[in-house]
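Structural overview for review
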Amino acid sequence: MKPASLCLWAVLVGTLPALIPLRAQSAPASVPPAGSAGEKVVQLPAFEVSTSEDRGYRAVNSLAGGRTSLPLELIPSAISAITAEFIEDLVLTNIRQAYFWTVNVAPGNLRQQETIFGDYEYNIRGVGSGTTVPTRNYFHFYGAADTYNTERFEFARGPNSIVYGDAQLGGQPTTWTKVPRVDRDLRSLRFQADSYGGWRGTFDVNQRITPRFAARVNGLYQRGKDWRDGIDHDKEAVHLAARFRLTERTEIRAETEWSHEERLTYSINHADGSSYWTGRTADIAGAGAIPTAERAAAGVSLQATQPYFLVLPAVPAAGFQNWQNQFITLGTGASLREVPRSDIPNAPALPSRKFTVQPPDGTATHQFNTVTLWFDHRFTRELEAQVSYYYFDDDRIAKTTELFGTRRVDINRQLPDGRPNAKFGVPYSDAAVGAQPQQRTVNEIRGLATYRLATSVRGLDVKQRFTVAGGRRWFNFDLESHFQRRVNGPNPDLRLEENIVRYRLYWDEPRRYPVMGLPQIPGVDIQYRKVFFTTHTDDVLDYGQLVSNTTLWGDRISLLGGVRYDTFDRSQQNGEQTPTGAILLPPTQQTGHATTFSAGAVVYPFPRSKWLGFFYNYSENFTPATPGLPRFDLSPFGPTSGAGKDYGIRLNLADGRLYASFSRYDSKQTDRITGTNAGALRGLWRAMGYTVTIDERRYNIDFRDTESLTADGYEFEITANPTPNLRLTAGFSLPDTAIVDRLADTKRYNALHRATWEEAMRTGRGVNGVALSQAEINSIRSNLDALDQTLLTTVAGARLNGTLDHTGNVYATYRFTDGRWKDLAVGAGAFFRGRQKIGNRDPQILFNTTSPTPQQRADSAFAYTYAPEYYNTAMHVAYETRFGRYRTKFQLNIDNVLDDDDPRFYSINVHRVGGLAANPLTQTPGFFNYPDPRKVTFTATVSF
């Protein structure tokens, strides 16, 4: 252990004895004596949140005030919760669905159907997703938590160093798992079926073994169906938890979960690769079928400038041939819809909205297991401590990581060897075939101690709590990619295009042919080899914190503050391609540290009632560099830092049955790691003729970049249970973001090489003076257009892509308790999403010029393009009754009640009219998601 870490632990250990003498000066604490006569209520550890106190849709307490349980009304930071009752009313099955029903939160990774990775990503306050992970019981959890074993979802917005020092600016969601109960037994079985054809069964059994020992088991079995053709989502999971009270002062709690899921990944969007095509066909094999001078006007080009070997599962006789000099159709690259797009001339249409061409074995699997142990001991009425251990192991593997997503038409009447092409005139998609496994493990040891005292100073009651925490987290991450390669070709170098194996799937036979098995082709030896991405990362994070909470005047004033110190060490090995496959380079080392602070107050100024309160909170956070690609010069990233403040008013009316808050937030994040448009950079080098043997780093250029930003806005939330019959929750936010600096490395890279790219486009000469074809010159031009469009988002003050004008949600449920409709509940609501910034007007279009000035480029960064606003409605009807000792609930839910089917766009596509270099640029909406069509879900629950 390093000296800084030793000092940190010494401070934490030394703090506790210093606090103990305060006991003699204090009045009796508010915690009742353990084991007192007549005690009926089980005293939970101070470090455990009690969801049993939740009232309808309102959560009462949280650990977000410094990892010890405090009423939410006394915590100055911004926190929202989705309770078990709300989860049940809306039949939410995972946390991604819950994001829409809370304040200022949205799912991350909007292309989740295309991959098994990133399902846990989230976007709070519009600052983006992918930089940090959610937590489970305040431990890092790399998954989209399922609701079968969930008590509550909690969303802490903004930086909050006294809860999570290492997190992103927007905040962090937390899942609280179901815990064993020692006060009563419970058993429930639930079956759920939906109109898509899927079904799901869960069970929940809590059993008191002895007065001091209880166990709880939750299980899940799911056979899910998507509304698209042939898409399944299967899942099995079991969660076991146990609680053992050794004495009235000492308790051991443990839980473990195993989960396995499998689903088909598929391309959400299919890119237009044929709208430029005029109908011209290649009637003979080879490049001479269509003269070079006629190709651009015909909307066609050669398949590739380098070898392009294909396997055609639908035409086994085609074998393994080089299609380099065969022809392909061209198009805008914009996403196709089920009807021809009116903004793209000659645009083809999808066969149906439900269509996907993905092969049946293009599956993705995710398996994890986790173990958590807690040991709690109450030394005195004032002093409690907890030691915990957490283990998480996560294995994911995605097959067909390069999806079949571009739609072209096979215009070759003959195969490359001159034989007739049985699939002439049929649309198709090509892709290389491979699998990417990822594996993560987290180990964490954590110690917590809290000391409480209560006293009176000149008639002013004072309650004080000090909490110290410290721990160490080990994180390991491994990533590999395995692709099919020919290993017995004339040149065995696996990096060469001639050894890459690609498949062509035709649209007249979607989902028919598996591709993951190795093809048996005479004379061709194809194997899976480790290529492209590979990395190994080992992280160690040490942390310690001290939190103080003081309440005065009958809890009408709550002061909360803390300091946290983190140190981290990283050893990372990045990959490099070699002729025989990818290898790991020697490890690079990185160390760092950060000190973060938090301070805030809640004040209820009126003496008779805490109906009106004012709050203010300032907090900081930091994030170590996430594992992944380095900078373009291979140097490592440093930590990112952030700070923010929240302030506003709170209303607490009708004896807590109505709780509302209205707040303003201001925050800033510095040097956060983000992606860049490496595809455009690769396209530039490849169009110039670079290969892996000439310059592998340019041919496969890929790196990450940084961004600094500000986020501010307004948030409103209300939860109410005004009568025993009515439950209500609503939220509204007005988020805004602005770039401080963005993509500094991409700007540097562009400045270094821009003259080279433009010279190649002007002279028609590429690497080593090789003559470029018109298609290659066009490719340079289009990739420069794409790069410039990316750099439009880097201007200081411009709004961050993905920012919404507003978000909102409302849901209410009324339950009849007497009369004709007794035990019937009816609920309805909606979530709303305002316009979303998805890009900027290109300066060439905005100013009608082919050579925009730097000022025009800067000005165009503020000419935003937006996706339309949308909303989703939901409702449910439930009825409860008894059959003897069995309490039974029948529930019908309808999601997307109004069956909204308008696509939700998330990007802008830029192309030249007709694909001709001399024609002007135009912009059209690009990538989109279709909303899930109306879905009816029936649920039956039996409890006893």
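Residues numbered from 1 in each chain as written. Predicted model: local features only at pLDDT ≥ 70, side-chain atom pairs only at ≥ 80, totals over all residues. Heavy atoms only, no water.

1. A word on the overall build of the protein chain
- Per the secondary structure count, the protein chain includes 10 helices and 46 strands.
- For the protein chain, whose C-alpha radius of gyration is 30 Å, the value lies close to the compact-globule estimate of 30 Å for 944 residues.
- Along the first, second and third principal axes, the C-alpha atoms of the protein chain reach 95 × 65 × 55 Å.
- Taking all contacts inside the protein chain whose residues are at least 6 apart in sequence as the whole, residues at least 24 apart take part in 72%.
- Summed over its atoms, the accessible surface of the protein chain is roughly 36700 Å², and 57% of this surface lies on carbon and sulfur atoms.
- A distance of 3 Å separates the average location of the 104 positive side-chain charges in the protein chain from that of its 98 negative side-chain charges. (Helix = DSSP H or I, 4+ residues; strand = E, 2+ residues; numbered from the N terminus. Rg over C-alpha atoms; globule rule 2.2 N^0.38 Å. Contact = heavy atoms within 4.5 Å. Areas by Shrake-Rupley, 256 points an atom, 1.4 Å probe, with all protein chains shown as cover. Lys, Arg positive; Asp, Glu negative; His and termini not counted. Charge placed at Lys NZ, Arg CZ, Asp CG, Glu CD.)

2. Remarks on helix α6 (residues 692-699)
- Buried within α6 we find V692, E696 and Y699. Taken around the axis of α6, the buried residues stretch over an arc of 95 degrees, which confines them to a single face.
- Contacts from the buried residues of α6 go to β28 (557-578) and α5 (678-687). (Buried < 20%, exposed > 50% of the residue type's maximum accessible area, 1.4 Å probe, protein only. Arc of directions from axis to C-beta.)

3. With respect to the sheet that holds strand β22 (residues 406-409)
- Reading across from one edge, β15-β22-β23-β26-β17-β18 is the order of the 6 strands in this open sheet, with mixed pairing throughout. Only two strands of the sheet have a single neighbouring strand rather than two, namely β15 (271-272) and β18 (320-322).
- Of the pairings in the sheet, the one linking strand β17 (residues 309-311) to strand β26 (residues 502-506) comprises 2 bridges and is parallel in character. The partner of V311 across the bridge, within β26, is Y503. (Pairing = 2+ DSSP bridges.)

4. Considering the sheet that holds strand β3 (residues 78-83)
- Strand order in the open sheet made by the 5 strands is β3-β8-β9-β6-β7, with mixed pairing throughout. At either end of the open sheet lies a strand with only one pairing partner, and these are β3 and β7 (139-140).
- Sheet topology note: the strand β6 (residues 135-136)/β7 ladder contains 2 bridges and is antiparallel. Residue pairing for β7: R136 is matched across the bridge by F139.

5. A word on the packing of aromatic side chains
- Inspection of every chain in the model, using the stated rule, returns 40 aromatic pairs.
- Taken together, a centroid distance of 4.6 Å and an interplanar angle of 20 degrees make the contact between F100 and F831 stacked. Within this pair, whereas F100 is found in the loop between α3 (95-98) and β4 (105-107), its partner F831 is found in strand β37 (residues 824-833), the two being separated by 731 residues in sequence.
- On the basis of relative accessibility, which here comes to 6%, the residue F831 falls in the buried class.
- Seen in terms of ring centroids, F355 and W507 are 4.6 Å apart; in terms of plane orientation they differ by 40 degrees. Their pairing is tilted. With F355 in the loop between β19 (327-329) and β20 (363-378) and W507 in the loop between β26 and β27 (526-552), this pair connects stretches of sequence that are 152 residues apart. This pair shows no difference in class: F355 is buried, exactly as W507 is.
- Put simply, the rings of Y57, F86, F100, W101, Y811 and F831 touch in pairs and so form one group of aromatic residues.
- Directly above the ring of Y604 sits K610, whose terminal nitrogen or CZ lies 5.6 Å from the centroid.
- Above the ring of Y714, the side-chain terminus of R664 is found at 4.9 Å from the ring centroid. (Phe/Tyr/Trp six-rings, centres within 6.5 Å; stacked < 30°, edge-to-face > 60°. Lys NZ or Arg CZ within 6 Å of the ring centre and 35° of its normal.)

6. Concerning the side chain of T135
- By the element assignment, T135 lies in strand β6.
- According to the relative accessible area criterion, T135 is buried, its value standing at 4%.
- When neighbours within four sequence positions are excluded, T135 is seen to be in contact with H140, F141, Q172, P173, T174 and T175.

7. Regarding the pattern of salt bridges
- On inspection of all chains with the given rule, the structure shows 74 salt bridges.
- Between E715 and R125 there is a salt bridge, with the nearest N and O atoms lying 3.0 Å from each other. One end of the pair, E715, is in strand β34 (residues 705-720); the other, R125, is in the loop between β5 (122-124) and β6, with 590 residues separating them in the sequence.
- Overall, E715 belongs to the buried group, its relative accessible area being 2%.
- Notably, a salt bridge pairs D901 with R353, separated by 4.0 Å at the nearest N-O pair. Placement of the pair is D901 in the loop between β41 (886-895) and β42 (904-905) and R353 in the loop between β19 and β20, with a sequence separation of 548 residues.
- Overall, the relative accessible area of 19% leaves R353 in the buried class. (Salt bridge = Lys/Arg side-chain N within 4 Å of Asp/Glu carboxyl O.)

8. Things to note about the packing of α5 against helix α7 (residues 744-763)
- At a closest axis distance of 12 Å, the pairing of α5 and α7 adopts a crossing angle of 30 degrees. What the angle tells us is that α5 and α7 run roughly parallel. Between α5 and α7 the crossing geometry is left-handed. Together, L681, L684 and W685 of α5 and Y749, H753, T756 and W757 of α7 make up the contact between the two elements.
- Broken down by class, the residue content of the contact of α5 with α7 amounts to 5 nonpolar, 2 polar and no charged. (Axes fitted to C-alpha atoms, helices over the stretch in contact; angles between N-to-C directions. Parallel < 35°, antiparallel > 145°, perpendicular 65-115°, else oblique. Left-handed = near helix turned anticlockwise from the far one by under 90°. Nonpolar A, V, L, I, M, F, W, Y, C, P; charged D, E, K, R; others polar.)

9. Description of a nonpolar patch on the surface
- Together, L189, F203, V826, V877, Y879, F883, Y886, F890, L892, F938 and F944 make up an exposed nonpolar region whose accessible area comes to about 920 Å².
- Among the elements of the structure, β40 (870-883) and β41 are those that each provide at least two residues to the nonpolar patch.
- As for its position among the elements, F944 is in the segment after β46 (935-943). (Patch = residues over 30% accessible without salt bridge, like charges linked within 9 Å, V, L, I, M, F, W, Y side chains within 5 Å.)

10. A short note on the confidence of the model for the protein chain
- Mean pLDDT over the protein chain: 90, with 95% of residues reaching 70 or higher.
- Predicted confidence is poor over residues 1-41, with pLDDT under 50, and the contacts of this stretch with residues over four places away or in other chains come to 61 contacts. (pLDDT = per-residue confidence, 0-100.)

11. Describing the nonpolar core
- Counting residues in each nonpolar core, the largest one holds 37 residues, and the members touching the most others are I82, F86, L92, W101 and F153.
- Sorting the residues of this core by element identifies α2 (84-89), α3, β5, β8 (150-157), β20, β21 (383-399), β25 (460-486) and β40 as the ones contributing at least two each.
- The element contributing the most residues to this core is β25, with 3 residues.
- Look past the residues within four positions of F153 in its chain and what remains in contact with it is S80, A81, I82, I87, N94, I95, A98, A145, T147, T174 and T175. (Core = buried A, V, L, I, M, F, W, Y, C linked by side-chain atoms within 4.5 Å.)

12. Section: the pairing of β20
- Where strand β14 (residues 250-264) meets β20, 15 bridges bridge the pair, whose relative direction is antiparallel. The partner of E255 across the bridge, within β20, is T372.
- Across 15 bridges, the pairing between β20 and β21 is antiparallel. Along β21, the bridge assignment pairs N369 with D393.

13. Focus: the environment of Q789
- Assignment of secondary structure puts Q789 in helix α8 (residues 774-791).
- Linking Q789 and T595, residues 194 residues apart in sequence, is a C-alpha distance of 38 Å.
- Residues in contact with Q789, not counting those within four places in the same chain, are N840, D842, V910 and Q923.

14. Concerning the environment of E776
- As for its placement among the helices and strands, E776 is situated in helix α8.
- Considered as a pair, E776 and L240 are 536 residues apart in the sequence and their alpha carbons are 59 Å apart.

15. Focus: α7
- If you check α7, its first and last C-alpha atoms are 29 Å apart, about what 20 residues at 1.5 Å a residue would give, namely 28 Å.
- Of all the bends found along α7, the most pronounced is centred on H753 and spans about 50 degrees.
- Within the span of α7, buried status applies to D745, T746, Y749, N750, H753, R754, W757 and A760.
- Tucked into the core, α7 has its buried residues touching α5, α6, β34 and α8.
- Directly beyond the C-terminal end of α7, a positive phi value near 75 degrees is found at G764. (Expected span 1.5 Å × (residues − 1). Bend = angle between axes of the 7 residues up to and from the residue.)

16. Observations concerning the side chain of T803
- Structurally, T803 is set in the loop between α8 and β36 (807-815).
- Take T803: its relative accessible area is 0%, and that puts it in the buried class.
- Those residues in contact with T803, other than ones at most four positions away along the chain, are G126, P735, D736, T737, R835, Q836 and K837.

17. Focus on the packing of α7 against α8
- At a minimum axis separation of 11 Å, α7 and α8 run at an interaxial angle of 155 degrees. With respect to α8, the axis of α7 lies roughly antiparallel. Viewed along their axes, α7 and α8 form a crossing whose handedness is left-handed. Contacts between α7 and α8 involve T746, K747, N750, R754, W757, E758, A760 and M761 from the former and I777, I780, R781, L784, L787, D788 and L791 from the latter.
- Tallied by class, residues from the contact of α7 with α8 come to 8 nonpolar, 2 polar and 5 charged.

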